[in-house]
Structure formats: structure tokens, C-alpha cells
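Reading the structure
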Amino acid sequence: MKMSQMFMPTLREVPAEAVVASHRLMMRSGMLRKLGNGLFTYLPLGLRSFRKVENIIRSEMDAAGALEFKPSVVVPGEIWRESGRWETMGEGMLRVKNRVDQELVISPTAEEAFTALLRSEISSYKQLPINVYQINTKYRDEIRPRYGVMRGREFTMKDAYSFHTDDESLDETYRAMGRAYRRVFHRCGLSVIPVKADSGAMGGTGSEEFMVESEVGDNNLILCAKCGYAANDEKAACAPDPVAGSAATDKAYAPIATPRVRTIEELTGFLKTVPQAFIKTLIYRAVNSELDLTAAPGCEKLERMAPASSPAYYPSSFFAVCVRGDLDVNEVKLAATLKASEVELASDRDVERITGAPVGFAGPVGLSSVPVIADLSVMAMHDAVTGALKEDLHFEHVEPGRDFTPWQVADVRTVKAGDKCPNCGDAFYAKKGNELGHIFKLGYKYTKSMNMLYLDENGKQQYPTMGCYGIGVDRTLASIIEEHNDEDGIIWPMSVAPFHVAVVPIKYEGAMKDAADRLYAELGAAGIEVLLDDRNERPGVKFKDMDLIGIPVRIVVGDKNLPNVEVKSRKEKDSALVALGEAASRVADTVRRELAALADVPETAGRP
Ligand code: ATP
Ligand code: MG
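Residues numbered from 1 in each chain as written. Chains lettered and ligands numbered in written order. Predicted model: local features only at pLDDT ≥ 70, side-chain atom pairs only at ≥ 80, totals over all residues. Heavy atoms only, no water.

1. A closer look at the overall build of the protein chain
Counting its secondary structure elements, the protein chain contains 15 helices and 31 strands. Dimensions of the protein chain, computed from C-alpha atoms along their principal axes, come out at roughly 100 × 65 × 50 Å. Within the span of the protein chain, comprising 608 residues, buried residues form 52% of the whole. Look at the contacts in the protein chain between residues 6 or more apart in sequence, and 73% of them connect residues 24 or more apart. Approximately 27000 Å² of the protein chain is accessible, and the part contributed by carbon and sulfur atoms is 50%. (Helix = DSSP H or I, 4+ residues; strand = E, 2+ residues; numbered from the N terminus. Buried < 20%, exposed > 50% of the residue type's maximum accessible area, 1.4 Å probe, protein only. Contact = heavy atoms within 4.5 Å. Areas by Shrake-Rupley, 256 points an atom, 1.4 Å probe, with all protein chains shown as cover.)

Structure, rendered in C-alpha cells:
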């Protein structure tokens, strides 16, 4: 491609809203333009790299035995009602109506679409397992699109769905997809950290996310340097850590006046104690829990109490959760424990109705209106302080297990750096991460709710079990730039560079033009993608642009050097003089070597 025929509007100025390197560089290098909030246009240069990422993903999916489909992006609302997600997806899902008032959805994901398609195609165990995928447009009405295409509203996702007759078959495909993901990211030049992830409310049995380290990442990764344990903090567990020096008491629990003392800080000051001695109790509401919380012993009073403020269509139930005073409740772990689509702190009014006291005096002792879930940390406490369900009153000398029996004991705390690894006991460290991909064992959620059945070997009807596997193409592309750039611009890994080689004549005329044209033709004939800067610009401008757009190899043709040309790698400072006659074959070899190195994925790639 000749620069004069390319549309590649580079910018010297950085748009103010572009605060991360990838967003800045995609705008400056003329890869991308914004059309609206969270809506972007890839310009030709950007699209070339985008397609390369897409094709790496496609080739690994094909190699793993997945079959590519091309479903519509707009799908009937009806199938979302069948799965139950019409209600639970909330406002992130864009719904529209057509001229005959039919409800339609702009796909945010496609479990429903593929289940609906395959239930009418699959009738026998002989057709299973099957693994299908698409690389297609998604729309999510993100509240706060940011960092360019890292979190857009419209984006492209590779999403695959597999269907199986048994767990072993699902396991096999799940592992194959994990291997394919590690290969994809390695081939893109990315360093990923696979972590254990939340498998959601719907009883999935396994889930792994592929993260890249990022200062602006939305995920907190909990990592163990010693044994390699790696988990999203939405999932991370830790070894029990009883508070040193706390001992059981024989004293009965007793009220203690705490006038106007509500927060843990006020309380520890007032009682001259530490937060670790306090049982923190929070009142929550579970949305769409699969468990019947009103059936928990001792909860007759509230029945299905309607929340004071919430959309009427959400079936919800209240509960209390207790955690040691110095720890935080993790709402994702809590929702998973309750098999709920989400949990939400109760409003002050609801807290008052449930505890019979103003906010700040909740406690598990004598609380009979809602079930109590106690974090593991609470059950290791002794001689504790809690709210006493009365204004200006707390209890002291509380012994968990003796003075209250939780409905459930579960691991619902947020694990942080410094907590101990459940496998080896070493202290965790933490990093911020951005999720590029997610693999997930779904089980029967969609096949049962949408009634997808096949006949097994004995002619009996069965539901298949299911897995799903996603990668964000745009986010992967942006993350490559995040990992590969310097103050001058992008430094593309060869596999995803928009062009492999840039040929830059100091002036596109006379002998320099002839030499540049010759290199362009020879490299092109060798199957190398070349960008020839045939513009009538100053050399400094041309060099700056090439550095900015990050082409891996640059050949400069200057009359002072001819019959030699200057070959320089974008990654390195120094250049080498090479005879014009040899330059094309030498550079073609370099390109092929770098491509081969990225494609040669070691078995251990992406493993901690
Ligand atoms: P996040 O937590 O970042 O919102 P998610 O867990 O909702 O992502 P999944 O449903 O697992 O995302 O989708 C699979 C992949 O799609 C993600 O790993 C990510 O790479 C990509 N993705 C999701 N949302 C966006 C978005 N708004 N913009 C760009 N890519 C996205
Ligand atoms: Mg995810």
C-alpha cells in the first residue's frame, strides 16, 4: 500500500478524554475515530490490525474444533423471556420495538440465540458434543464507556457455546478452549494471567478469566507468588485467620450503653477496642435468589416483605450478613452463595423495619426477622461486640455459635493483599487487571429454561450441559497497544501489525524513488505487507509518523547511503546499513522469523 492511497489521518494533539495509552495512540495514529459515546469507527489502518486479531482468534477456534456461525445481531425478545434474562439483564440490554410492536434485543451476548437455534437442529446424542462460535457485533448499554474501545457500547466479541451429553465432555472442551485462549493471547504478543473467576448465580461449576495487568483495570487480582494461586477477588478464598489473642468467654452476653455510637470507628474509640473485636452486621436484599430465604428457620415474621424502594417485578428477599469488623463483605461472593442475580444493601427504612432499630445497631443476636449469613471469619471470633437491635445499645461478650446460630456460614469476605493463600499459606499480593476473555461452564441453565432436549442412547429425553467462551476483539487489540508502546508511539508485535515493513524514501524522486519502488515490489512479491511512504513530506515528519503507527521494520532510502539502505527495527535504537540488492530478502526473513516465533506457542504459555 502506498501512503498516498491510504487514509491515515495522524494527529499531533491528544484528545483530552483519551487518558490511557491505547486510546491516545489509536486516535493519534489514525486507527480510530469516535462517532458517539462508546461508539467508534475503525479507519483503514486500525481495521487491518483488528482483522489480524480476529483471524488469530478464528484460526485457534477452528483448530480447537469450534464451528463458525453468523447469527443476526438483532434477536427476538421472546427468547430472552424464555431464559428468564429479559427480567434480569437490566438496562445494560438494549431493547427496541419494530413497526408491529415486536420486542427485539440488540445482542449483548448470545446464549439464548444459539440455544434457540440448536434446540431445533439437535435431536440425538449422536450430534453431540458440538461447539459453535461467532465473531460478531455486541451492544451493551454501558453506564460509563471509557478508555476508547476498551469499554465501548458497541464492540465485537468472539463468543462460543458448547453443548454436551455429560460433564466429562464439557470438561474436555472447557480445557481445550482454555488452551486455545492461551495460544490466542500469546500469538497476539500479550502476557495474560488466567485467574479463577466467579461463575455467577446460575450454578456454573467452573470459570476462568484471562486478564492483563493494567493500572486502569476494573478487576482486583489476588495472586500467590509461591504456589501460583490466581483468582479474581470476586472469587478469591483465603486461609482462616483467627484473631491472635482472642479467647472464648464464659460470661453471658450483656447489653452495654453506647449513646450515639454507630460506626465501627466511633465504637472502637468508645469501647477502647479494635475493629477485629466487632461483628459487623449488614442488611441486604437478594434479587432473584434461587433459595427461598423466607423458608429459613425463624423468619416467619417478614414473609415476602416488599422492599420499600425497588421495581415491583423483582422478587427479592432480605437477609443479614455478618463479617468481622475489619473486613469487607464481597457482594459477588455473597450473590453466588445465595444463588441470586445480585445483592443490594437494604435502604435505611428497610433496615429499621427489619432490625427494629435505627441504622447502626444491627446484630445477629436475637435477630429473627431475616436469615443470618455469617462469614467464616465471624465463626472464629470470641468475646465479640455486636449491635443489640436497639438504639444506643450494643452487646458485649458475644460468642458466635453460643449466642446466635447463623442460617448459613459461608466465605463472603473480600480477600486482599496480605491475606493468606488457602493452598500454601503464603501471603497474597494483588494486581489490577483487565479482562480480555472468559471461559465458563454454564451447566443446564439455558438448556433447561429454553427446553433444549435430545434423545440419549436409551431413547430417553435429556437436557445437554453447556459451556460458553468469550473474547473481546477490540479490548484485546487495545491491550496489545497498552503492552507495546513507547513515548514515540505503538510498537506492534509482527503478528498484528497493520503492515510488516515501512519503506521510507527521504525524497520520492530519482534514484531514491527507483530503490524504494524496487523494495516495495520485491517485498510484496515475497508476501510481505509493505507501506511505502511516497508523500512529499519532510523526512522528520515521515519518521515520526512511522514511529507513531508502529510498523515493526523500517527501511530508509537516502541518496547519501545508496546503494545501501538503512534497516531499523521499531523495537531497537540502532539501524544497520544493508545493500539494496539484499535488503528485501533479509527483511523478509526477519518478518517470517518474528511471525514464526509468535506462532510457536509453548505449552506453558499463560501459565502462572
Ligand atoms: P466486564 O466485566 O469488563 O464488563 P464482562 O465480564 O461483562 O466484562 P463477558 O460477558 O465475560 O464480559 O464478555 C466477554 C468479553 O467481552 C470480555 O472478556 C471482554 O473482553 C469483552 N467485553 C465485554 N464488555 C465489553 C465492552 N463494553 N467493551 C469492549 N469489550 C467488552
Ligand atoms: Mg466476564
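2. As for the pairing of strand β29 (residues 553-557)
Most of β29 sits out of view: 5 of its 5 residues are buried. Taking every second residue as pointing to the same face, both faces of β29 are buried, with Val553, Ile555 and Val557 on one and Arg554 and Val556 on the other. When strand β27 (residues 501-505) meets β29, the two strands line up parallel, connected through 5 bridges. Along β29, the bridge assignment pairs Pro505 with Val557. In this antiparallel pair of consecutive strands, β29 and strand β30 (residues 564-569), the connection spans 6 residues. (Pairing = 2+ DSSP bridges.)

3. Examining the sheet that holds strand β19 (residues 393-398)
An order of β13-β19-β18 is seen for the 3 strands of this open sheet, with the pairing classed as antiparallel. Only two strands of the sheet have a single neighbouring strand rather than two, namely β13 (254-257) and β18 (384-387). Put simply, the sheet's adjacent strands are angled 35° from each other on average, direction ignored. Across 4 bridges, β13 lies against β19 in antiparallel orientation. Across the sheet, residue Ala257 finds its bridge partner in β19, namely Leu393. (Axes fitted to C-alpha atoms, helices over the stretch in contact; angles between N-to-C directions.)

4. Notes on the coordination of the magnesium ion (ligand 2)
For the magnesium ion (ligand 2), every protein donor is listed as Glu435 (OE) and His438 (ND1), and the spread of their distances is 2.4 to 2.5 Å. What makes Glu435 partly exposed here is its relative accessible area of 23%. (Donors = N, O, S within 2.8 Å, 3.2 Å for Na, K, Ca; no water.)

5. Overview of the pattern of salt bridges
Inspection of every chain in the model, using the stated rule, returns 42 salt bridges. One salt bridge connects Glu60 with Arg183, and the closest N-O pair in it is separated by 2.9 Å. With Glu60 in helix α2 (residues 44-63) and Arg183 in helix α6 (residues 167-187), this pair connects stretches of sequence that are 123 residues apart. Glu60 sits in the buried class, given a relative accessible area of 5%. Relative accessible area serves as the criterion here: at 29%, Arg183 is assigned to the partly exposed category. Where Asp517 meets Lys513, a salt bridge forms, and the shortest distance between an N and an O atom there is 3.1 Å. In this pair, Asp517 and Lys513 both sit in helix α13 (residues 510-525), 4 residues apart, roughly one turn of the helix. On the basis of relative accessibility, which here comes to 22%, the residue Asp517 falls in the partly exposed class. (Salt bridge = Lys/Arg side-chain N within 4 Å of Asp/Glu carboxyl O.)

6. A few points about the site of ligand 1
Surrounding ligand 1, one finds 14 residues, the nearest of these being Arg140, Glu142, Arg151, Gly152 and Glu435. In the model, an oxygen atom of ligand 1 is placed 2.9 Å from a nitrogen or oxygen of the Arg140 side chain. Take Gly472: an N or O atom from its main chain is 3.1 Å from an oxygen atom of ligand 1. Its free accessible area being 580 Å², ligand 1 has 81% of it covered by the protein chains. (Near = heavy atom within 4 Å. Polar contact = N/O pair within 3.5 Å; in protein donor to acceptor, adjacent residues only side chain to side chain.)

7. Details of the nonpolar core
Burial of nonpolar side chains together is a common tendency in soluble globular proteins. Among the nonpolar cores identified, the biggest contains 54 residues, and Met26, Met31, Phe185 and Trp492 are the most heavily contacted of them. Examining the composition of this core, we find that 7 residues originate from one element, α6, more than from any other. In this structure, this core is formed jointly by two domains, domain 1 (3-72 + 106-237 + 430-482) and domain 3 (491-599), each of which donates at least three residues. If sequence neighbours within four positions are ignored, Met31 has contacts with Met26, Thr41, Tyr42, Leu43, Leu45, Gly46, Ser49, Leu477, Ile481, Ile490 and Trp492. (Core = buried A, V, L, I, M, F, W, Y, C linked by side-chain atoms within 4.5 Å. Domains from an automatic or database assignment.)

8. Describing helix α5 (residues 111-119)
Among the 9 residues that make up α5, 7 are buried, leaving the element largely enclosed by the rest of the structure. Looking at α5, one finds that the buried residues are Glu111, Glu112, Ala113, Phe114, Thr115, Ala116 and Leu118.

9. Details of the packing of α6 against helix α15 (residues 580-599)
α15 packs onto α6 with a crossing angle of 155° between their chain directions and a minimal axis gap of 8 Å. Taken as axis vectors, α6 and α15 run roughly antiparallel relative to one another. Packed against α6, whose contacting residues are Arg183, His186 and Arg187, the element α15 presents Ala597, Leu598 and Ala599 at the interface. Among the residues making up the contact of α6 with α15, the classes are represented as 3 nonpolar, 1 polar and 2 charged. (Parallel < 35°, antiparallel > 145°, perpendicular 65-115°, else oblique. Nonpolar A, V, L, I, M, F, W, Y, C, P; charged D, E, K, R; others polar.)

10. Considering unusual backbone geometry
Following Leu128, the chain continues to Pro129 via a peptide bond in cis, the omega torsion being 0°. Tracing the chain through its elements places Pro129 in the loop between α5 and β7 (130-139). Backbone torsion omega between Leu562 and Pro563 reads 10°, so that peptide bond is classified as cis. Here Pro563 shows up in the loop between β29 and β30. Even without being a glycine, Lys339 presents a positive backbone phi close to 50°. Here Lys339 shows up in the loop between α8 (331-337) and β16 (342-345). Taking relative accessible area as the criterion, Lys339 reaches 34% and is therefore assigned partly exposed.

Honestly, it's all geometry; don't read function into it.
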